[in-house]
Amino acid sequence: DQRTHFLDSVKSTTASTGLMLYSDFQGGLYQYDFWTDKHITGKVYLKAFEVTENTPLSTDRLPAASLTDVISWRDTLVLCGTERHFTIYEGDWGKPYAARFEVWLKPADGSRERKLYESIWQIEGWQR
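Remember, predicted model here, so these are calculated numbers, not experimental data.

1. A closer look at the pairing of strand β5 (residues 68-71)
Residues Thr68 and Val70 of β5 are buried on one face, while the alternating residues Asp69 and Ile71, pointing to the opposite face, are not. Note: strand β3 (residues 41-50) against β5, 4 bridges, orientation antiparallel. Residue pairing in the sheet places threonine 41 in a bridge with isoleucine 71 of β5.

Here it is as structure tokens:
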């Protein structure tokens with residue numbers, strides 16, 4: 001598995017379902033995995049917010065950069081996630097802050113988008 005070298009960047013998880021956020025090769029670059037046991041079909045993507053002010057992060061690029069397909073049947077644990085990194089632009093290397101990541105679903109049947117999951121992570125922004 002290509003992500004085994006990211007395991008030291010994982011901040012927390014205890015559930016069999018939910019979001020795992022991985023630091024990529026430098027600050028501000030991330031990948032994610034999302035496990036679900038819900039019956040869902042469509043596309044999932046991320047939204048992120050700085051925790052203290054609830055400021056949206058990287059709104060112009062994050063949803064598209066984190067978009068991935070998911071097909072899940074009942075009683076089956078399904079993994080989906082990014083194959084390449086996405087970037088959080090707000091902030092700088094070496095200056096971590098708390099961010100809430102939300103996993104959103106665009107259902108394949110065209111019904112209303114909905115939030116599936118959220119969790120808080122310590123992240124850094126990408127420094128140009």
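2. A closer look at the nonpolar core
A general tendency of soluble globular proteins is for nonpolar side chains to be buried together. One finds Phe86, Ile88, Phe101 and Ile123 to be the most contacted residues of the largest nonpolar core, which totals 24 residues. Where this core is concerned, the elements lending two or more residues are β1 (18-23), β2 (29-36), β3, β6 (78-81), β8 (97-107) and β9 (114-123). Take this core: its biggest share by element is 5 residues, from β8. Setting aside residues up to four positions removed in sequence, phenylalanine 101 forms contacts with Leu19, Leu21, Leu46, Lys47, Ala48, Phe86, Ile88, Tyr117, Glu118, Ser119, Trp121 and Ile123.

3. Thoughts on the environment of glycine 91
Checked against the element boundaries, glycine 91 lands in the loop between β7 (86-87) and β8. In this structure glycine 91 comes out as partly exposed when scored by relative accessible area, which is 35%. If sequence neighbours within four positions are ignored, glycine 91 has contacts with Tyr97, Gly125 and Trp126.

4. Some points on the pattern of salt bridges
Per the counting criterion, the structure on display carries 5 salt bridges. Salt-bridge contacts for aspartate 69 lead to lysine 43; the nearest nitrogen and oxygen are separated by 2.5 Å. One end of the pair, aspartate 69, is in strand β5; the other, lysine 43, is in strand β3, and 26 residues separate them in sequence. When the shortest N-O distance is used, the salt bridge between arginine 100 and glutamate 118 registers 3.9 Å. Here glutamate 118 lies in strand β9 and arginine 100 lies in strand β8, a separation of 18 residues in the sequence. Arginine 100 gets classed as buried once you look at its relative accessible area, which sits at 15%. For glutamate 118, a relative accessible area of 38% corresponds to the partly exposed category. Salt bridges here are not isolated pairs; linked through shared partners, they connect Arg100, Glu102, Lys115 and Glu118.

Cut-offs and rules
- Residues numbered from 1 in each chain as written.
- Predicted model: local features only at pLDDT ≥ 70, side-chain atom pairs only at ≥ 80, totals over all residues.
- Heavy atoms only, no water.
- Buried < 20%, exposed > 50% of the residue type's maximum accessible area, 1.4 Å probe, protein only.
- Helix = DSSP H or I, 4+ residues; strand = E, 2+ residues; numbered from the N terminus.
- Pairing = 2+ DSSP bridges.
- Core = buried A, V, L, I, M, F, W, Y, C linked by side-chain atoms within 4.5 Å.
- Contact = heavy atoms within 4.5 Å.
- Salt bridge = Lys/Arg side-chain N within 4 Å of Asp/Glu carboxyl O.

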